[in-house]
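Notes for the structure review
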Amino acid sequence: MRRARKGALAALGVLYLSAICAGFLAPYDPAAQDRDLAFSPPSRLHVLGTDGFGRDQFSRLLYGARISLLAGPLGAAISIAGALLLGGAAGFFGGWIDSLIMRAAELFLAVPWFYLLFAVRMMMPLRVEPAQAFLMILSLVALVGWARPARLIRGVVLSARTRDYVVAARSLGASNVHLLRKHVLPQVTGVVSTQAALLAPQYILAEATLSFFGLGVGEPVPSWGNMLTVLQRYDVLSSYWWMFMPAAALVTTILLYSMLAETVHDWPAVR
Amino acid sequence: MTRRRALLALAAGALACTYTLSAAPQTAAAPEWLVTRSDVGRPGGQLVVIERAEPRTLNPVTAVDAPSKEVIARTTADLIHFDRETQQPQPALARSWTVSPDGRHFTLSLRHGIRFSDGEPFDADDVLFSFRVYQDEKVGSPQRDQLIVGEKPIAVRKIDPYTVQVDLAEPYAVGERLFDSLAMLPRHLLERPYTEGRLPQVWGLGTPPQALAGLGPFRLREHVAGQRMVLERNPFYWKTDRAGNHLPYLDRLVFTFVPSEDAQAVRFQSGEADVTTRLSAANFDVLFRDGGGRNYDLLDLGPGLDYTFLFFNQNSVAADAPAPVARTRAWFRQLAFRQAVSLAIDREAIVRLVYKGRAAPLWGHVPPGNKLWVNRTLVRPPRSVEQARARLRMAGFSWNAAGMLMDRDGQPVAFTIVTNTGNTERNQIATIIQDDLRQLGIAVSVATLELRALLDRLLNTHDYEACVLGLGGSDGDPFNEMNVWLSSGGTHLWNPGQPRPGTTWEAEIDTLMRRQLVIRDTQERKRLYDRVQALVAENLPIISLVSPNVLVGVTKGLGNLRPTIFDHHALWNVEELFWRGRPSGAAR
Amino acid sequence: MPAVRYLLVRIGHGLLVLLGVSLLSFLLAAAAPGTFADELRLDPRVSPETIAAMQARYGVNRPIAEQYFLWLRSIGRGEFGFSVIYNGPVGPLLWPRVRNTLLLAVPATILAWLIAIPIGAWAAAGRGGWLDRLTIAATTVVVGIPEIVLGVGLLLIAVRTGYFPTGGMTSLDFDELGAWEKMRDVLSHFFLPVAALALISLPVLVRHVRASLVEVLRSPFIQAARATGVPERRLLFRHALRVGVNPLISLVGLSVAGLLSASLVIETIMSWPGLGPFMLDAVMARDLHVVVAAVICSTVLLIAGNLCADGLLYLADPRIRIGRFP
């Protein structure tokens, strides 16, 4: 396990480093169009092939990593932070707090927030720095997305705090903070790490939905999300297999994160 | 003896007369069918057509969306119909008509003995009723605007049960086109709702087929919500072929709803549908390539009537507008700037990359597919970045050390192109333009907005810089686009609703368009419209880019198929279509 | 009985939430630019006056508060609002589509759970082993592919193999089929969409089952049971699962609601006549009442799901049942 953890950390480090040094590593400008070589398969000239405008996929993958490697974990972190706070409070304190927060969660889950995105788009000027705007929108979406993980966390916290030893500890005079830290939170790590591993890729892929409202990363800036939406076209899906590379990159990143999360999960056992 | 026999003969004769007279049909004369000149086919079978969305209503008066109109067009008929192949007016419900020399009065003689799909007879009262409904302001039909000539609604009078007279306030160039696709409504079914003021609410989706009636080749048989609409042959249809067989040949016409373009290609490829008319170039190529063992034909009908273009915001700026807005607007209003942009755009790349070669590059707004109206003498300057730079230099622009374009005041030239999200082709075009203009040192960003949000910006708030959009369709006659070219028009996209034309060339276009609307001489109209095209190509209010080809897929074996670039590409003569060889259509 | 009282209180809360959701939806919808008649604005043959008249006739430019009260009144009349684009009451348009979506969502949920529990359990039991690694890798791959790509991919398989119909819910000759054949027809049409939806929900379920069971398998009582010789399989499914089921129950409550958003994409791509594409179309066409009605439907499902989940939680975890906690 230790070796795997070191390996995962190193691999992630390499990934983030390549994203940061994309300007150095990328063989081509990600926006440069070589119109005679549109949709050409991997070759010596273009290691991972080209897209519909003849832009080098490998370079776009590297530059796209900058946005996606930030967007995914950022969105997941924001959602989970909110969920921990609210879901934890609901489960821990119970009673009317629980009721209120859970009803609010239902509200947040049900209301069509896409209308809010229309409003945001209207308020934004047309010309915005694409990456910044996208990250801002994503944070907004993540903020609104606290409800689902909150319900899960609340359930776990609820049953954790009713465990015998917690009841016992409380009757011995332990403070809430102590109870939270020692007994309740460790139970929650399982749910949290699972949610994190599932939310991060969802936020990267959420760009497809955001683009519908005009809130995605604008052309020609690449991100793994917008590189993958082109696959929904029948002709691309059936003819150009190399366009799947961003999915491979995404899956690899998430796997590496999962492996790290596993070790975090192990932490309470090392008592 | 003879007298008795004579009396008997007389009585018999009288009896015979009474008998024959009482057995004669109710209507005064025998029905007058229209005899088509197409091949004689065989009856039977069904045709399955892919439709991109479910129709929202079956009410011809209020239908605004394309799927509704397409289905309704198969169940209704008009007075005079334009043959989509020859573009000539043909008698339809009107068996003949005369036009007064000044072009202001049409006298239409209706066919006798025609019945609606429920068996009720059709006559001039239905025609009068139909026009009254379409023109009623309270009903608010979108077709009302097309029945206003010379700023007055046209007047329709009944001369006798089979003759109507239509009077226009001024001569109307297109004359007979007024009547094309204007569905004649059944008075016996719709008069009651109309007088009760609920006409727009009737004939919606849940209406049982018995409550509907029309004069088209088919009538509604069944509607399966969200999936398909099944039409069946109208037994009372008024057309026959040369051999005297009643049309239509097909038993059933099925419209199946497939919302996603890629799913449409798959559905057609699997053989579950017979006709698809909205193939994208990319899917067309996939179907072509995958064609091994195929039993469908893929038809590239050449450039259609649609044209895609880039235009800049040329609305006048409010006095208190922020400086950057005023600055960008000033660039856009300079002809040299627009010319430079037009010179720098690689139209061939757009045709090749976005449409896989199945499109025509445009330098004027009338595409080559519009054979009757296109101005072939327009100059088509080849792409040249150097010439573009020269134009910019002459207009006072310059480049800084990094190669970015600066205007006269040293500000960098940058703007945003907006386009709508639903259309992948336009997004790709915007990306290509973005790269092309990068070579001029202009920093272009691309923003996609959902359609209504986009229209709000374009037409209400005028809060945009440049836009890639498309127009076209209908029949290619300039009278359809009056509102685009008139400076006061609502679709005069770059600067709509001007109280007075803002530039001399817009004023000239106004005059030309108004004139061509009231002249009946086609050659003179062409000359006037040629000049409009030349003015547009010179002054570039819109920078025409490309006109996509019309791509149609049809199962093999359909007889009398005469696909055209005009709507409806494959079904405009649906009553003549028949299956050669197999008795039925799609497999399942 | 306290349970009945609890139920009534929850239903009361539910109605409040519904009211809140409807109000918020109306307010947010006011933020969306454009109206239903805008489709005509790009048609040069229609004048702006006609469009304005159309908008006035349907009252879409009236103040939002007024529109909201009119809508409430329409609910009272049982119409559930008036669709401006279909020119008729929303109710008859909505119910068949809700039924069709549930027809997909419910079997997909059940299928997903039936697959997720064993896989998650075995992965948890063999933690760190090859099955566990494979499970994590496979679920990550599925999560990494956008839903719409999954849908188009399945369509591709359908057309290439010819085993499945390429969309829709019933075949063209549905009416002429016998009862048994009708069922087979619907089943063949619904196989791919249900498979797609189940596949999309699997990663979440599998991972949570696994995480929760890993937790439980570490606890002392399991060690004790193992020491007394209880076979591994019984340990896993009988003992561990029962304890580890807690977060899973909350997931069930969220499952159907979560599926509704995934089903939007799958229904569109597979031309399944469900709520998803209908609502999407209404949003794009700015048909306010349809959107709000669809939102209310999904909220009701969500509330019902959460209610069931809380009820199950109550039943499953005896400690919660005790009532007030210290």
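Residues numbered from 1 in each chain as written. Chains lettered and ligands numbered in written order. Predicted model: local features only at pLDDT ≥ 70, side-chain atom pairs only at ≥ 80, totals over all residues.

**Looking at the overall build of chain C**
Quick note on the threshold: Only DSSP runs of H or I covering at least 4 residues are called helices, and only runs of E covering at least 2 are called strands; the numbering of each starts at the N terminus. For the exposure call, what matters is how many other C-beta atoms sit within 10 Å of a residue's own: 20 or more marks it buried, 12 or fewer exposed, and in between partly exposed, using C-beta atoms placed from the backbone. What counts as a contact here is a pair of residues whose C-beta atoms, placed from the backbone, lie within 7 Å.
The helix and strand inventory of chain C stands at 13 helices and 2 strands. Based on the C-alpha atoms only, the size of chain C along its principal axes is roughly 85 × 60 × 40 Å. Across the 326 residues that make up chain C, the buried fraction comes to 49%. For chain C, contacts bridging at least 24 residues in sequence account for 73% of all contacts bridging at least 6.

**Quick word on the overall build of chain B**
A count of helical and extended segments in chain B gives 15 helices and 26 strands. If one aligns the C-alpha atoms of chain B with their principal axes, the spans along those axes are about 125 × 60 × 45 Å. Looking at chain B as a whole, 50% of its 588 residues are labelled buried.

**Section: the packing of helix α5 (residues 130–143) of chain C against helix α7 (residues 179–217) of chain C**
Residue and element names in this part refer to chain C. Quick reminder of the rule: Axis geometry follows a simple rule: fit a line to the C-alpha atoms, using only the stretch in contact for helices, then measure angles between N-to-C directions, giving values from 0 to 180 degrees. Should the near helix be turned anticlockwise from the far one by less than a right angle, the crossing is termed left-handed; should it be turned clockwise, right-handed. Residues are grouped as follows: Ala, Val, Leu, Ile, Met, Phe, Trp, Tyr, Cys and Pro are nonpolar; Asp, Glu, Lys and Arg are charged; every other residue, Gly included, is polar.
At a closest axis distance of 9 Å, the pairing of α5 and α7 adopts a crossing angle of 145 degrees. Judged by the sense of rotation from one axis to the other, the crossing of α5 with α7 is left-handed. Along its contact with α5, which presents Thr-135, Thr-139, Val-142 and Val-143, the element α7 presents Leu-199, Leu-202, Pro-203, Val-206, Arg-207 and Arg-210. Its residues assigned to classes, the contact of α5 with α7 comprises 6 nonpolar, 2 polar and 2 charged.

**Details of the interface of chain A and chain B**
How big an interface is tends to be stated in terms of accessible area lost as the parts join. Contacts between chain A and chain B engage 23 residues on the former and 26 residues on the latter. Put simply, the parts of the chain that give the side of chain A that touches chain B at least two residues each are α5 (114–123), α10 (207–212) and α12 (234–239) of chain A. When residues of the side of chain A that touches chain B are assigned to their parent elements, the largest contribution, 4 residues, is made by α12 of chain A. Looking at the side of chain A that touches chain B residue by residue, the classes come out as 9 nonpolar, 8 polar and 6 charged.

**Digging into helix α15 (residues 522–539) of chain B**
An α-helical turn contains 3.6 residues, so any two residues separated by three or four positions project in the same direction. All names here are of chain B. Condition: The span one expects for a helix is its residue count, reduced by one, times 1.5 Å. Here the arc refers to the directions that run from the helix axis out to each C-beta atom.
Its 18 residues give α15 an end-to-end C-alpha distance of 26 Å, which sits within 8% of 26 Å, the value for a rise of 1.5 Å per residue. Taken residue by residue, α15 has Arg-525, Tyr-529, Val-532, Gln-533, Val-536 and Ala-537 as its buried positions. For α15, the angular spread of buried residues about the axis comes to 130 degrees, placing them on one side. The positive-phi residue at the C-terminal boundary of α15 is Leu-540, with phi of around 50 degrees.

**Here's the deal with the packing of helix α4 (residues 91–125) of chain C against α7 of chain C**
All names here are of chain C. At their nearest, the axes of α4 and α7 sit 6 Å apart, and the two run at 35 degrees to each other. When you trace α4 past α7, the crossing you get is right-handed. Residue composition of the contact of α4 with α7, grouped by class: 28 nonpolar, 3 polar and 1 charged.

**Describing helix α10 (residues 246–269) of chain C**
Residue and element names in this part refer to chain C. Short version of the rule: One axis fitted to the seven residues ending at a residue, another fitted to the seven starting there: the angle between these axes is the bend at that residue.
If you check α10, its first and last C-alpha atoms are 35 Å apart, about what 24 residues at 1.5 Å a residue would give, namely 34 Å. Considering bend angle alone, the principal kink of α10 is centred on Leu-254 and spans about 40 degrees. Summarising burial for α10: 22 of the 24 residues are buried, a large majority.

**Observations regarding the interface of chain A and chain C**
Each partner contributes to the interface: chain A provides 46 residues, whereas chain C provides 54 residues. Elements that contribute at least two residues to the side of chain A that touches chain C include exactly α4 (95–110), α5, α7 (147–161), α8 (164–171), α9 (176–205), α11 (224–229), α12 and α13 (245–266) of chain A. Per element, the largest residue contribution to the side of chain A that touches chain C is 8 residues, and it comes from α9 of chain A. Partitioned by chemical class, the residues of the side of chain A that touches chain C number 30 nonpolar, 11 polar and 5 charged.

**What to know about the environment of Leu-70 of chain C**
Note on placement: Leu-70 of chain C falls in helix α3 (residues 64–76). Taking the C-beta count within 10 Å as the criterion, Leu-70 of chain C has 14 such neighbours and is therefore assigned partly exposed.

**Here's the deal with the nonpolar core**
To keep things clear, this is the line we draw: By definition, a nonpolar core groups buried Ala, Val, Leu, Ile, Met, Phe, Trp, Tyr and Cys residues that connect through C-beta atoms lying within 7 Å of each other.
Counting 339 residues, the largest nonpolar core has Val-49 of chain B together with Leu-197, Val-291 and Ala-294 of chain C as its most contacted members. The element best represented in this core is α7 of chain C, accounting for 18 residues. In contact with Leu-197 of chain C, not counting residues within four places along its chain, are Leu-104, Ala-105, Ala-108, Leu-259, Ala-262, Ser-263 and Ile-266 of chain C.

**Things to note about the sheet that holds strand β6 (residues 105–110) of chain B**
Remark on secondary structure: sheet strands pair via backbone hydrogen bonds, oriented parallel or antiparallel. All names here are of chain B. The test is simple: Strand pairing is defined by DSSP finding a minimum of two bridges between the two strands.
Taken in spatial order, the 4 strands make up an open sheet running β5-β6-β10-β9, and their pairing is antiparallel. Across the chains shown, the open sheet's two edge strands, defined by having one partner strand only, are β5 (94–99) and β9 (155–160). Each adjacent strand pair in this sheet contributes to an overall mean axis angle of 20 degrees, direction not counted. Two strands pair when backbone bridges link them, and β6 and strand β10 (residues 163–167) are joined in this way by 5 bridges, in the antiparallel orientation.

**Digging into unusual backbone geometry**
All names here are of chain B. The amide bond that connects Leu-247 to the next residue, Pro-248, takes the cis arrangement and shows omega of 0 degrees. One can find Pro-248 in the loop between β13 (239–240) and β14 (252–257). With an omega dihedral of -10 degrees, the bond running from Asp-567 to His-568 counts as a cis peptide bond. Here His-568 lies in the loop between β25 (558–559) and β26 (578–579).

**Looking at the pairing of β10 of chain B**
All names here are of chain B. Here β10 shows a clear split, with Val-164 and Val-166 buried on one side and none of Thr-163, Gln-165 and Asp-167 buried on the other. When β9 meets β10, the two strands line up antiparallel, connected through 5 bridges. Residue pairing for β10: Lys-158 is matched across the bridge by Val-164. Counting the residues in the hairpin turn of β9 and β10 gives 2 residues.

**Re the environment of Ile-136 of chain C**
Here Ile-136 of chain C is to be found in helix α5. Residues Ile-136 of chain C and Val-206 of chain C, 70 residues apart in the sequence, show an inter-C-alpha distance of 8.8 Å.

**Some points on the environment of Glu-49 of chain C**
The residue Glu-49 of chain C is located in helix α2 (residues 48–58) in this model. When the C-alpha positions of Glu-49 of chain C and Tyr-314 of chain C are compared, they lie 61 Å apart, and in sequence the two are 265 residues distant.

**A closer look at the confidence of the model for chain C**
We apply this condition: In predicted models, pLDDT denotes the confidence assigned by the predictor to each residue on a 0 to 100 scale.
Per-residue confidence for chain C gives a mean pLDDT of 84; residues scoring 70 or more make up 96%. At the level of chain-chain contacts, confidence expressed as ipTM amounts to 0.88, with global pTM at 0.90.

**Some remarks on the pairing of strand β21 (residues 414–420) of chain B**
Looking along a regular strand, one sees the side chains alternate between the two faces of the sheet. Residues and elements named next belong to chain B. Going by this rule: Handedness of a crossover is defined as follows: with both strands directed away from the viewer, a clockwise route from the first strand across the helix to the second makes it right-handed.
With 6 of 7 residues buried, β21 lies mostly within the body of the structure. Pairing geometry for β21 and strand β22 (residues 443–449), over 7 bridges, is parallel. Looking at β22, one finds that Val-418 is bridged to Ala-447. Traced from β21 through helix α11 (residues 424–438) to β22, the parallel crossover comes out right-handed. Pairing of β21 with strand β23 (residues 466–471) involves 2 bridges; the strand directions are parallel. Paired with Ile-417 across the strands is Ala-466, a residue of β23.

**Overview of the confidence of the model for chain B**
The predicted model of chain B averages 90 in pLDDT, with 94% of residues at 70 or higher. Taken together, the stretch residues 22–28 of chain B has pLDDT below 50 and engages in 3 contacts with residues farther than four places along the chain or on a different chain.

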